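# Examining the three-dimensional arrangement
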Amino acid sequence: SPARRGPDARDSYVTLPPLTGHTEPAVEEAINSAIYEDGGFPGFERILASLDPLGTGLQVRAQAQIIRGKEGMGLLSLLITASGRIGPGRPGYRAVPLVYSLSSGERITAQEVFADVDDAQAALDSLVAQEIEPVISDYLYHEGLYPVPIDEFLIDESGLTFYYEQ
């Protein structure tokens, strides 16, 4: 579904722009269906439909980028962000990174990105220990940095960005 509004128009919305124009309609449909499910849109739509018109709103949007590859059709790199009433309790924020092959329609996982996921995990954790942990506030829990969420990543021209659960 491209966009839905909640019980009031006061800054509440769930927006999911569909992938269009793919040369293979079956791959396009597979990617759109996967984004809807993997991105948590059924849950966001349920929350949106149940919002109190006078309460905290919900804003869900997606930003997509096509990353061209040396072979094949490249990748669809998508970041879904949700803020406001994302679940029970206090308002919050969630980022859901998703990457799909435009050739096969399959979601790209850490196993496709790294030759050895265990070695990559160890290297990323070591990098965080050396570069990030020493400079973060003493008021933050350093334990929350580990392990680096190797399966929650986005790919762009600059490389990989890993997203921690909020």
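Calculation rules
- Residues numbered from 1 in each chain as written.
- Predicted model: local features only at pLDDT ≥ 70, side-chain atom pairs only at ≥ 80, totals over all residues.
- Heavy atoms only, no water.
- Salt bridge = Lys/Arg side-chain N within 4 Å of Asp/Glu carboxyl O.
- Helix = DSSP H or I, 4+ residues; strand = E, 2+ residues; numbered from the N terminus.
- Core = buried A, V, L, I, M, F, W, Y, C linked by side-chain atoms within 4.5 Å.
- Buried < 20%, exposed > 50% of the residue type's maximum accessible area, 1.4 Å probe, protein only.
- Polar contact = N/O pair within 3.5 Å; in protein donor to acceptor, adjacent residues only side chain to side chain.
- Contact = heavy atoms within 4.5 Å.
- Pairing = 2+ DSSP bridges.
- pLDDT = per-residue confidence, 0-100.
- Axes fitted to C-alpha atoms, helices over the stretch in contact; angles between N-to-C directions.
- Parallel < 35°, antiparallel > 145°, perpendicular 65-115°, else oblique.
- Nonpolar A, V, L, I, M, F, W, Y, C, P; charged D, E, K, R; others polar.
- Arc of directions from axis to C-beta.

Another point: the pattern of salt bridges. In the structure shown here, the tally under the stated rule is one salt bridge. The residue Arg-107 makes a salt bridge to Asp-38 at a minimum N-O spacing of 3.9 Å. Here Arg-107 is found in the loop between strand 5 (92–101) and helix 3 (110–113), whereas its partner Asp-38 is found in helix 1 (residues 25–38), with 69 residues between them in sequence.

Nonpolar side chains tend to gather and get buried jointly when the protein is soluble and globular. Counting 24 residues, the largest nonpolar core has Val-14, Ile-31, Ile-35, Phe-41, Leu-58, Val-60 and Ile-80 as the members making the most contacts within it. Put simply, the parts of the chain that give this core at least two residues each are helix 1, helix 2 (41–50), strand 3 (58–67), strand 4 (75–84) and strand 5. In this structure, Phe-114, Leu-145, Phe-153 and Ile-155 belong to the second largest nonpolar core, which totals 20 residues.

This paragraph deals with the side chain of Gln-59. Tracing the chain through its elements places Gln-59 in strand 3. Among the polar contacts made by the side chain of Gln-59, one reaches the main-chain carbonyl oxygen of Asp-11 at a distance of 2.4 Å. Sequence-distant contacts of Gln-59, defined by excluding residues within four places in its chain, comprise Asp-11, Ser-12, Tyr-13, Thr-81, Ala-82, Ser-83 and Gly-84.

All right, on to the pairing of strand 6 (residues 153–156) then. Relative to strand 7 (residues 159–162), strand 6 is paired through four bridges, and the arrangement is antiparallel. In the strand pairing of strand 7, Phe-153 is matched with Phe-162. Hairpin connection, strand 6 to strand 7: the antiparallel pair is bridged by two residues.

Take the confidence of the model for the chain next. Confidence in the prediction of the chain, expressed as mean pLDDT, is 90, and 94% of residues score 70 or more. Of the regions scoring below 50 in pLDDT, residues 5–9 engages in nine contacts with residues more than four places distant in sequence or in other chains.

Attention now moves to the packing of helix 1 against helix 2. At a closest axis distance of 5 Å, the pairing of helix 1 and helix 2 adopts a crossing angle of 55 degrees. With respect to helix 2, the element helix 1 is oriented oblique. Along the contact surface, helix 1 presents Ile-35, Tyr-36 and Glu-37, while helix 2 presents Phe-41, Pro-42 and Glu-45. Taken together, the residues of the contact of helix 1 with helix 2 sort by class into four nonpolar, no polar and two charged.

Along helix 2, the positions that sit buried rather than exposed are Phe-41, Phe-44, Glu-45, Ile-47 and Leu-48. Along helix 2, the residues classed as buried sweep out an arc of 160 degrees about the axis, all on the same side. Across from the buried face of helix 2, at angles greater than 90 degrees, the exposed residues are Arg-46, Ala-49 and Ser-50.

Secondary-structure assignment places Ser-101 in strand 5. Under the relative-accessibility criterion, Ser-101 is labelled buried at 11%. Of the polar contacts made by the side chain of Ser-101, one reaches the backbone nitrogen of Ser-104; its length is 3.1 Å. Ser-101 has contacts with Ile-31, Gly-74, Leu-75, Glu-106 and Ile-108, leaving out every residue within four places of it along the chain.

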